[in-house]
Each structure stands twice: as structure tokens, then as C-alpha cells.
Amino acid sequence: METSAPGEERHRGTIEVRSLSKVYPSQDGPVQALSEVSFAVADAEFVTIVGHSGCGKSTLLRIIAGLLLPSSGSVTVRGRGVSGPLSDVGMVFQRPVLLKWRTIFDNVMLPIEMLHLPRQENRERALDLLKLAGLVDFRHHYPAQLSGGMQQRAAICRALIHDPSLLLMDEPFGALDLMTREEMNFELLRIWSQRRKTTLLVTHSISEAVFLADRVIVMTPRPGMIADIIDVKLPRPRMPETKLDPRFTECVRMIGRKIGLLYI
Amino acid sequence: MGISKTDIGTTTISIIATLAVWELLTRIFHIPGFILPAPSAIFIEAVTRYPLYLYHSWITFYEMVVGFLLAAAVGVFLAVVIVYSRIIRNMIYPQIVVLQIVPKVAIAPLLLIWAGYGLTSKVLLALLVSFFPIVVNMVTGLVAIEEELLDLCRILHSGRWQEFSKVRLPNALPYLFSSLKVASTLSVIGAVIGEFVGGNEGLGHLIIIANTELRTSMSFVSLFSLSILGFLLYGLVILAERVCMPWERWQSASG
Ligand SMILES: Nc1ncnc2c1ncn2[C@@H]1O[C@H](COP(=O)(O)OP(=O)(O)OP(=O)(O)O)[C@@H](O)[C@H]1O
Ligand SMILES: [Mg+2]
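Rules of the game
- Residues numbered from 1 in each chain as written.
- Chains lettered and ligands numbered in written order.
- Predicted model: local features only at pLDDT ≥ 70, side-chain atom pairs only at ≥ 80, totals over all residues.
- Heavy atoms only, no water.
- Domains from an automatic or database assignment.
- Contact = heavy atoms within 4.5 Å.
- Buried area = accessible area lost by both parts, 1.4 Å probe.
- Salt bridge = Lys/Arg side-chain N within 4 Å of Asp/Glu carboxyl O.
- Helix = DSSP H or I, 4+ residues; strand = E, 2+ residues; numbered from the N terminus.
- Buried < 20%, exposed > 50% of the residue type's maximum accessible area, 1.4 Å probe, protein only.
- Near = heavy atom within 4 Å.
- Polar contact = N/O pair within 3.5 Å; in protein donor to acceptor, adjacent residues only side chain to side chain.
- Areas by Shrake-Rupley, 256 points an atom, 1.4 Å probe, with all protein chains shown as cover.
- Nonpolar A, V, L, I, M, F, W, Y, C, P; charged D, E, K, R; others polar.
- Pairing = 2+ DSSP bridges.
- Axes fitted to C-alpha atoms, helices over the stretch in contact; angles between N-to-C directions.

Peer 1: So what exactly am I meant to see when it comes to the domain arrangement of chain A here?
Peer 2: As a measure of interface size, the accessible area lost when the parts come together is often cited. Residues and elements named next belong to chain A. Taken domain by domain, chain A comprises domain 1 (1–87 + 165–175 + 184–264) and domain 2 (89–163). Counting residues at the interface gives 24 residues for domain 1, matched by 20 residues for domain 2. Where domain 1 abuts domain 2, roughly 2000 Å² becomes buried across the two surfaces, and 64% of that area is made up of carbon and sulfur atoms. Our enumeration of links across domain 1 and domain 2 arrives at one salt bridge.

Peer 1: Can you help me understand the pattern of salt bridges in this one?
Peer 2: Side-chain pairs of opposite charge can arise where the charged atoms are in close proximity. Here the structure, examined in full by the defined rule, presents 21 salt bridges over all chains. Salt-bridge contacts for Arg 62 of chain A lead to Asp 151 of chain B; the nearest nitrogen and oxygen are separated by 2.9 Å. Taken together, the residues span two chains, with Arg 62 of chain A in helix α2 (residues 57–64) and Asp 151 of chain B in helix α7 (residues 147–155). For Glu 113 of chain A, the salt bridge identified is with Arg 102 of chain A, shortest N-O distance 2.8 Å. Here the residue Glu 113 of chain A occupies a position in helix α3 (residues 104–114), and Arg 102 of chain A occupies one in the loop between β6 (89–92) and α3, the gap between them amounting to eleven residues. Among the residues examined, Arg 102 of chain A registers a relative accessible area of 11% and is labelled buried. Beyond isolated ion pairs, a larger network of salt bridges with shared partners links Arg 102, Glu 113 and Arg 119 of chain A together with Lys 166 of chain B.

Peer 1: Where do I start with the site of ligand 1 in this structure?
Peer 2: Residue and element names in this part refer to chain A. Close contacts around ligand 1 come from Tyr 24, Ala 33, Ser 53, Gly 54, Cys 55, Gly 56, Lys 57, Ser 58, Thr 59, Glu 171, His 204 and Arg 222, and that covers them all. At 3.0 Å from an oxygen atom of ligand 1 is found a main-chain nitrogen or oxygen belonging to Gly 56. His 204 has a polar side-chain atom sitting 3.2 Å from an oxygen atom of ligand 1. Relative to its free-state accessible area of 630 Å², ligand 1 is covered by the protein chains to the extent of 65%. The greatest single-element share of the shell around ligand 1, amounting to three residues, is contributed by α2. When the residues that make up the shell around ligand 1 are grouped by side-chain class, the tally is three nonpolar, six polar and three charged.

Peer 1: Teacher, can you tell me more about the interface of chain B and chain A here?
Peer 2: The partner chain A presents 27 residues to the 22 residues of chain B that form the contact. Both sides together, the interface formed by chain B and chain A hides about 2500 Å², and carbon and sulfur atoms give 65% of it. A per-residue breakdown of the area chain B buries against chain A is headed by Glu 148, Ile 155 and Leu 156 of chain B, which together make up 27% of the total. Applying the counting rule to chain B against chain A returns three salt bridges. The set of elements that each furnish at least two residues to the side of chain B that touches chain A consists of α7, α8 (159–197) and α11 (248–254) of chain B. In terms of residue count, the dominant contributor to the side of chain B that touches chain A is α7 of chain B (seven residues). Of the residues assigned to the side of chain B that touches chain A, the class counts are ten nonpolar, six polar and six charged.

Peer 1: Would you take a moment to explain the sheet that holds strand β10 (residues 226–231) of chain A for this structure?
Peer 2: The strands that make up a sheet are held in pairs by hydrogen bonds between backbone atoms, and each pair lies either parallel or antiparallel. All names here are of chain A. The strand order across the open sheet formed by six strands is β6-β7-β8-β3-β9-β10, and the pairing between neighbours is mixed. Only two strands of the sheet have a single partner each, and these edge strands are β6 and β10. Going from strand to strand, the sheet's axes swing by 15° on average, the running direction of each strand aside. Two strands pair when backbone bridges link them, and strand β9 (residues 215–219) and β10 are joined in this way by five bridges, in the antiparallel orientation. Across the sheet, residue Val 218 finds its bridge partner in β10, namely Asp 228. Contacts from α2 reach β3 (46–50), β6, β7 (166–170), β8 (198–202) and β9, with the element oriented near 155° to β7.

This is the structure we're talking about:
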């Protein structure tokens, strides 16, 4: 582990990815998933990643979380090199993956138990989060009694309960229908505006990427490289009307063109 | 799976109809009692000699329940060991499979030599017959965890014990219980095989006696008693399942 850089406060929540590459060994030769990926995420920034299936988005998130080692390059989080799983991370996956034998409340409390944090104080936090996500009335229900969207909101609460400085989301709404998905985008932004976390979110939907983000990272097909990083200059809080803003449509069209061109 | 009143009604009617046809056939065709006794004759045999059947049922039930519980304990233990230690897995898996392939009826005489003609040999047979599905299912349940959940455990620095107790073990419960249902019915077979081969107690022993004396109604009462015992143990497993997995009620509802 590197020692922390001077002025660590300034770096709080900052992710720095430097010339990251990942090669998977496989039966038909090595697969290059990521190639020379570099970018930085500022504190409390919301960054989204778009790119074609198989371009290494999940790989990138797992490396940042310390779940996977890169083949070369490095990741620093708050000035410290990442060399193993980070507990300072909240992770949300494409599927809610709640523990089906635990109630929603107990699911949200799982990180508290596993990290041996004080239970009593965090009960309040859990209730607050569930309130924020509109799930307090369902806290004693089992996951199977909730809709997919509600389960995913519970998974977001679980990711936030131990107050991590990073929130990593891998296509969190990919399994939801379009209407629920748009609703969830608002919910997420509402939660995010109250607990400003440095957030990295992977999505297949360009309009979702633009709607949520301060910046959008566009990746090339395999091997995943950074094609472009686009600043989204749209005011917050984002509203349904935001999607009618010409700047929004222009941004979506530009990214679409970029990805389309990459595909040819 | 809800059971409605109509379900119970149709089942009852069907049972009564079967018994009635059976009774009629034996009377119309004058079938001798030692070939196929009438339901009424079987009923009379059961009622007049119920202390005998109760006693031997108790013996068999004891053997199968103890054998079954041991099978559950051994099965779960072996599964955990197999999942957590590659070396031990390589060492014991082949033996377990071979043990399962060898017909238990063929081992029974050996077991009698080693464990005697008393209850122990029967308990061991019930154990041997029923532990295999428990091991296999339990291993599956401990291993079939979503990749994302294991990632979550690592991020939360859960350690092996918490990963086991909070994720793997509860995840394995449905697998365990479905194997326990199978094992509960197998344990009856184990106990009866043991009683067939040697000993002087239990329903299996009664069936042997009934056969040599051509008292077929006695065989039938023993058979019915065996089915009741099997049902009883099966029912107890389902009851335990309901108690241990309250959340399962909602699984099937949501599809
Ligand atoms: N464990 C692995 N072993 C070998 N190859 C892998 C492994 N995991 C991923 N890959 C390969 O690496 C590439 C990137 O995978 P990754 O899952 O990161 O893509 P992705 O961008 O998340 O795709 P999607 O949008 O479909 O989720 C893919 O081509 C995949 O086949
Ligand atoms: Mg992916």
C-alpha cells in the first residue's frame, strides 16, 4: 500500500485510474478486456460509463473495488493504492442479490454486521435510508414480497448503510422495465443529492448516462479503451423536463454518434 | 402448494372407492386370504393384534429416525468438509460415491456381523441408505451462491466464518430440506432391509414371519404400518422445513 499523499482531505473520495490494462487468460488465448484506461473522478462527482457489451465495464468496476487485480496500471482511491477489496465501497449490481432469508431491514443491516459496526446507532441510519428510498413500510417484508424496483432500491440502501465514500454501480437498473427505470433514476439522484457520494455507474442506456452524470465516459469495444469523456453541462437538480432540454438531446445524440461510429 | 377441502375430499373418495372395489373383488372371485386378503380381514388383523404392531412399529420407527438424524448430521458435516477442503474432497469423494453404488442389501449381512443383531446394525443401514443425497444436495447448496454475493462478502471483509454462517448455510437450507425429504423415505428402506437380514424385532421381521407362515394379512398390516411411519417422518421434515424457512412461503408466490 502506498502512503497517503499530502493533503489527503482534498483527495477524499477521489478515484484515480492510471493506464489500467487487464488481460484474462482463457482457453482460446488471452482476452484483452481493458487497455491503457486512465481517468480521475473528483470528490462527490457522479460519473457514468457507457460502452458496448463486453468492453470491460464490469471488469473496470471490479478492479476499482479491489475485487480483481489489474494486469498493469494502478488505481488509487483517496490517495491510497488499491491492493485488495475496499470496505469503503458501496456496490450495487445488475441484480439486487438480496439475501432471500432476511427481511429488507436485515438485508440493509448486513454490512453493519459483517464489518462489526455498532448495531444500535446504525439502526437509525438504516431506517433513515429506507425512508429515503420509500421502503420503511416494507422493512419487515422478505425480498420475494417486493417488486424488482423495490428490491433494487433496498440494494442501494445496503450499499450506503456503512457510509462508504465510493458508490460503484454496475448496470443497477438494467433488469428493470423502462418506466420503473426512469423512476429509479430520480430516486437515485434524490438519494445521491442527500448523501453526496463519489459515484461511478455503468449503463447501457445513453440517455440514462447523460441524465444522471456530471461526466460520461465513453468506452471503445474490446479491448476497452476510453474513447471520450464528455462533460454534461446540465443544471441540477435534474427534472423530467431536463430530458427536453436541447443540451440534453444534443449530448445524447453526440454520444450515440460516437458509439455508433466506434461500432462500424 | 395449498391443499383445499376439495383436494382432501377427492382423495378420501378415491381411497374409499379403491378399498370397496378390492373388497368386492376378493369376495366375488373367492380369492384365498393367503394370496390377497380382503381389506376387512386386514382391518380385523390390525385391530385384534394392535399391541404387537405398535411395539414393532416403535422399534422400526426408532431405527429409522435415529438413522435419519445421523445421516443428516454426517451428510451436512461431510458436505461442509468437502466444500472447504480440496484435499479432503479428493480423499473422500470417491469413497462416498463407491459406498453409494454398492447395493446396501449386499452390505447388510456384513453389517450384522460387525454391529450385531440388535438395533445398531439397522440404524447404521438406515444411515448408509439415506446419507448420500444429503451430502450431494448440501454441497450444491453451499456452492450455488451468486457471484455478486461473494463479491459483496469480500468488500465487507466478512471472513470465512461470516460468509459461511450468514450466506452459504442459509442458502443451502432449501437444498438440505429437499434432500432430507428424500432421505426420510430412504431411511425406512434401510431399517427394513436390516430387519429382513437378521434380528427378531421390527416390522421387517414381522413381514418375514408372516411370509413363512403364509399369514398375508399380517404382511399387509406391517406394510401399512411402514407406510404410516414413512409418512410420519416425511411430515416431520416438512414441519421442520416450515419452521426453519419462514421466507420460503413467499418464494413460490412471487414465482
Ligand atoms: N473471468 C473471465 N475470464 C475470461 N474472460 C473474461 C472474464 N470476465 C470477463 N471476461 C472477458 O472480458 C471482456 C470484458 O468483460 P466485462 O464483463 O468486463 O464486460 P462488460 O463491459 O461489463 O459487458 P456487459 O456490458 O455485457 O456487462 C469480455 O470480452 C469477457 O468475455
Ligand atoms: Mg458487465
